[in-house]
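# Survey of secondary and tertiary structure
So you can see what is in the structure, the chains are spelled out below.
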Amino acid sequence: MADQETPEPTATPAAPAVRPKQVSHRGRSVGPSSNSNKEDGKVPEFEPFVLLPRGLPPLTEYLDIWDVDLMKQPHEVNKQHHHTYLYSNDHLIVRRAQEFRIKITFNRPYNPKEDKFAVEFVIGSSPHYSKGTYIPVFPNEERQTIWRGQVIESIDNVVTLGITTAPDCIVGKYGVYVAVVTKYGIRRTRRDPSLDMYIIFNPWSPGDSVFLDDEEQREEYVMNELGIIYHGAYDDISERAWNYGQFEFGILDACLFIMDKADMPLTNRGDPVKICRIASAMLNSRDDEGVLVGNWSGDYIYGVAPTSWTGSVEILLNYSSSGGTPVCYAQCWVYAAVFNTFLRCLGIPSRVVTNYFSAHDNDGNLKMDIILDDNGKVDRGRTKDSIWNYHCWNECYMSRPDLPDGFGGWQVVDATPQETSDGMYRCGPASVAAIKHGQVCYPFDAPFVFAEVNSDVVFYRRDNVGTMQPVKVNTNHVGRMVLTKAVLHDGRKDITDQYKFPEGSQEERRVLEKAEEYGCQREKASLPEGDVTVEIPALEVQLGDDFELVLEFTNSSSQQRTVNIHIYGSVVYYTGVPSAEIMLETPKVDLKPQQSTKAKVLVRSRDYQKKLVEQGNLHFIATGKVKETGQIITAMRLVNVHNPKLNVQVAGFPRVSEEMYVTVEFTNPFKFRLENVSVRLEGPGIMSINTKQYSVIGPGSTITWTERFTPRRAGTTKLMAILDCAALRQVYGETEVTIQP
């Protein structure tokens, strides 16, 4: 994977700097295709049935519309019943396949026997009934369309109309008109932007393809603005909160803009499968000027370091307000978090998932190769495969009518640009059930996701003539654990069993055989069991600490054994790619029969600290050869180096509209100074993003930053702060606060 998403320089000139003018639709179609939700369709105020050479006659005998009330305030019935009251948006927002109400005030009482009127909904530049972009809704059962209408109440001049949209209607922003039928033609209300309304997916309705039949899960996977993203190592898990902010002002429009930017036809925007597939490409900028520029290089001078973001709001608003200029920079968890905001904002249940030891398999097999020389030492020049320490992707919940029964439910989608799918950098949606059962033939990209959680780590010994022979296969290293946030609390939920059966079980063997039928290749060599093993126990390390790396050897034979062991230590990016070597030790270990022995190696901070990259991880591989038997032994250990924390404290009475204070404090514990330090602070529903810069924080120095804020709404939320600079990434702190009404 490239460090930055910029094209490689070429010797010959590339495409011209100025894009060619978009070709007209003339000669190819009757009218332009409708690919934008922003363009308004032209709806005439009066649509005559016949030619009127003398102009429009008086229409006093017909209904005249005085007022249209969409009942769009957060406390009113529509937003309350449709669970859209949290959106910071002045327009009406409703969900599909569920009734909402509008009030129409006429110039006189409505007479259903004589008066004919309809409420018309229009989306896009070329509204047409057959395309689902123009929908008239009538108040009587005699004239029903794909949407249903009924008079709920008629008092004096005011008619309350109940309207139920189709369960598969287009998701987006609609213009609303009220039309009265006269004998001369149709008279409509004028175009009024304040009457525009949004229709989104509805996981509360059994008729919608994203229906989720669990209220607690709907509260978590649709309504919750705060998330937890897991990183670190599977046996030393780190976590950080994230503000998805799907209800913040401008976010819904930003999500619709992303689909416009992709030129996604409006007629496809009722299908969550198509929306997710388009969005997984549009959230990265590799080939379509999407939302985020990926960067794994450590050089972030032209943007924001991925570790500095605390939420999705700033990213999406910057992208939409700039007209689609990609935002710098992102790595996998940022892609997943912003994608999660997109999905939840549109009403699709979703969650961020972390896979520990995630294989990046780009050659169609299920093997991650580590090459050893004839003495059992790792050949770094020939070992090219890497295993990500962790990788974040998304799951979204929907039915899959394009697949056989049983493969709906949670689907994997991934916006991190790893490999192309149908010519674009995207992944999914891939059925989690299909992945678990080895049915990798079903769309989309199931083989790639299957390999991420099921690949084997194969150690090969290469002799002097270049012949490679497998000497050890580790079948349980990859996909060690798959985590997501628990429902309605801050705990963890292990969902590994949703991706694969237990290691070594008969079900797992059948699944791997099924995957092989569809082209996934595995290492099938049958290797003899050795009588010597080595393990490296887990350990927790704070940045700046010296520590001992312990190797535990076990000799299960009745004979003396001697092992020449090679211990290779390196600083690695979280993608598993080595950055710098920090140690190479080659001790000789004598093992007595039927006994265990420990060997210890001191790792000093001076050897690794200045070489650390962000999310500093140390990777140790121990490989060796048993002198008496020729057996190759191996062990691997990822050490997650922990950064210091920020201290975040809140003062003041926690009540809506009451002024409060938050204080962020940090002490530099190192013997070197930190330069060009950025601190970011935000809290969903209570504080917008604030940033502060410090030119220098000296050794042992303390900074204190106090900021005022006024909570906008009641409930439990978090204030999150993060400190970032070139020498120290992802220093995080948070505090929980409950705001009273």
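The structure under discussion appears in the preceding block.
Keep in mind that this is a model prediction, so the values were computed, not measured.

### Remarks on helix H3 (residues 251-261)
- Burial of H3 is extensive: nine of the eleven residues sit out of reach of the surface.
- Buried residues along H3 sit against strand S3 (92-95), strand S9 (172-181), strand S11 (197-200), helix H4 (272-282), helix H5 (313-321) and helix H6 (332-345).
- Of the residues trailing H3, Asp 263 is marked for its positive phi of about 55°.

### With respect to the packing of H4 against H6
- The geometry of H4 relative to H6 is characterised by a closest axis approach of 11 Å and an angle of 150° between their N-to-C directions. Taken as axis vectors, H4 and H6 run roughly antiparallel relative to one another. Seen from above, H4 lies across H6 with right-handed handedness. Residues Ile 275, Cys 276, Ala 279 and Ser 280 of H4 form the contact with H6, whose participating residues are Phe 339, Phe 342 and Leu 343.
- Classifying every residue of the contact of H4 with H6 by side-chain character gives six nonpolar, one polar and no charged.

### So, unusual backbone geometry
- In this structure, the amide linkage connecting Cys 328 to the following residue, Tyr 329, adopts the cis form with an omega of 5°.
- Within the secondary structure layout, Tyr 329 lies in strand S15 (residues 327-330).
- Phi is positive for Met 71, which is not a glycine, with a value near 50°.
- Judged by relative accessible area, Met 71 falls into the buried class, the value being 10%.
- Its identity as a non-glycine residue notwithstanding, Ala 97 has a phi of 60°, on the positive side.
- When you line up the elements, Ala 97 lands in the loop between S3 and strand S4 (99-106).

### Comments concerning the side chain of Lys 436
- Mapped onto the elements, Lys 436 comes out in helix H7 (residues 432-436).
- Buried Lys 436, no salt bridge; nearest opposite-charge side chain is Asp 497, N-O distance 5.8 Å.
- Ignoring any residue separated from it by four or fewer positions in sequence, one finds Lys 436 in contact with Asp 497, Gln 498, Tyr 499, Lys 500, Phe 501 and Val 511.

### Overview of the packing of H3 against H6
- Remark: H3 packs on H6, axes separated minimally by 10 Å, with the N-to-C direction vectors making an angle of 100°. Judged by the inter-axis angle, H3 sits roughly perpendicular to H6. Across from Ile 251, Leu 252, Cys 255, Ile 258 and Met 259 in H3, the residues of H6 making contact are Thr 341, Phe 342 and Cys 345.
- Residues of the contact of H3 with H6, tallied by class, amount to seven nonpolar, one polar and no charged.

### Some thoughts on the pattern of salt bridges
- Under the defined criterion, the tally for this structure stands at 32 salt bridges.
- In this structure, the salt-bridge partner of Arg 509 is Glu 513, at a minimum N-O distance of 3.2 Å. Residue Arg 509 and its partner Glu 513 are both found in helix H9 (residues 506-517); the two are separated by four residues, about one turn of the helix.
- According to the relative accessible area criterion, Arg 509 is partly exposed, its value standing at 44%.

### Here's the deal with the pairing of strand S23 (residues 456-462)
- Most of S23 is tucked away, with six of its seven residues classed as buried.
- Across six bridges, S23 lies against strand S24 (residues 468-474) in antiparallel orientation. Residue pairing for S24: Val 457 is matched across the bridge by Asn 474.
- Hairpin connection from S23 to S24: five residues lie between these consecutive antiparallel strands, with Gly 466 at a positive phi of about 95°.

### A few points about the sheet that holds S23
- Read across the open sheet, the three strands follow the order S17-S23-S24; overall the sheet is mixed. In this open sheet, the two edge strands, each paired with only one partner strand, are strand S17 (367-372) and S24. Averaged over neighbouring strand pairs, the angle between their axes works out to 30° when direction is ignored.
- Pairing analysis gives six bridges linking S17 to S23, with the strands arranged parallel. In the strand pairing of S23, Met 368 is matched with Val 457.

### Looking at the sheet that holds strand S26 (residues 492-494)
- Reading across the sheet, the six strands line up as S22-S19-S18-S16-S25-S26 and stay open at both edges, with antiparallel pairing between neighbours. Of all strands in the sheet, those with a lone pairing partner are strand S22 (427-431) and S26, marking the two edges. Strand-to-strand twist across the sheet, computed as the mean angle between neighbouring axes with direction ignored, equals 30°.
- Pairing analysis gives three bridges linking strand S19 (residues 409-414) to S22, with the strands arranged antiparallel. Along S22, the bridge assignment pairs Gln 411 with Ser 431.
- Across the sheet, H6 is in contact with strand S16 (350-359), strand S18 (387-398) and S19; its angle to S18 comes to roughly 5°.

### A few points about the environment of Gly 162
- Structurally, Gly 162 can be placed in strand S8 (residues 158-164).
- Look at Gly 162 and you get buried, because its relative accessible area is 1%.
- Linking Gly 162 and Arg 148, residues 14 residues apart in sequence, is a C-alpha distance of 8.2 Å.
- Among all residues touching Gly 162, those that are not within four sequence positions of it are Glu 99, Phe 100, Arg 101, Arg 148, Gly 149, Gln 150 and Ile 152.

### Here's the deal with the side chain of Arg 461
- Residue position: Arg 461 is located in strand S23.
- Looking at Arg 461, the relative accessible area reads 18%, which means it is buried.
- Non-local contacts of Arg 461, meaning those with residues more than four positions away in its chain, are made with Leu 372, Asp 373, Asp 374, Thr 467, Met 468, Gln 469, Val 471, Lys 625, Gly 630 and Ile 632.

### Let's talk about the state of the cysteines
- A complete count under the given rule lists zero disulfides for this structure.
- We note that Cys 332 lacks a disulfide partner, and the nearest cysteine sulfur, in Cys 392, lies 4.3 Å from it.
- We classify Cys 332 as buried; its relative accessible area is 0%.

Here is what the cut-offs are and how they apply
- Along each chain, residue indices are assigned from 1 in the same order as the chain's sequence is written.
- Given that the model is predicted, a residue must reach a pLDDT of at least 70 before its local features are reported, and side-chain atom pairs must reach 80 or more before they are shown or counted; all residues, however, enter totals for whole chains, interfaces and linings.
- Water and hydrogen atoms play no part in the side-chain values, which are based on all heavy atoms of the structure.
- Whether a residue is buried, partly exposed or exposed follows from its accessible area with a 1.4 Å probe, protein chains only, as a fraction of its type maximum: under 20%, in between, or over 50%, in that order.
- Strands are runs of DSSP state E lasting at least two residues, helices are runs of H or I lasting at least four, and both sets are numbered from the N terminus onward.
- Contact between two residues is taken to exist if any of their heavy atoms lie within 4.5 Å; hydrogens are not considered.
- Geometry is summarised by axes, namely lines fitted to C-alpha atoms with helices restricted to the contacting stretch, and by angles between N-to-C directions that run from 0 to 180 degrees.
- Orientation categories follow fixed angle ranges, with anything under 35 degrees roughly parallel, anything over 145 roughly antiparallel, 65 to 115 roughly perpendicular, and all other angles oblique.
- Handedness of a crossing is defined here by the sense of rotation of the near helix relative to the far one, left-handed for an anticlockwise turn of less than a right angle and right-handed for a clockwise turn.
- Three classes are used: nonpolar for Ala, Val, Leu, Ile, Met, Phe, Trp, Tyr, Cys and Pro, charged for Asp, Glu, Lys and Arg, and polar for all others, with Gly counted as polar.
- As used throughout, the charge tally considers Lys and Arg to be positive and Asp and Glu to be negative, leaving His and the chain termini uncounted.
- Salt bridge criterion: a side-chain nitrogen from Lys or Arg within 4 Å of a carboxyl oxygen from Asp or Glu.
- Note on pairing: two strands pair once DSSP finds at least 2 bridges between them.
- Pairs of cysteine sulfur atoms within 2.5 Å are what we label disulfides.

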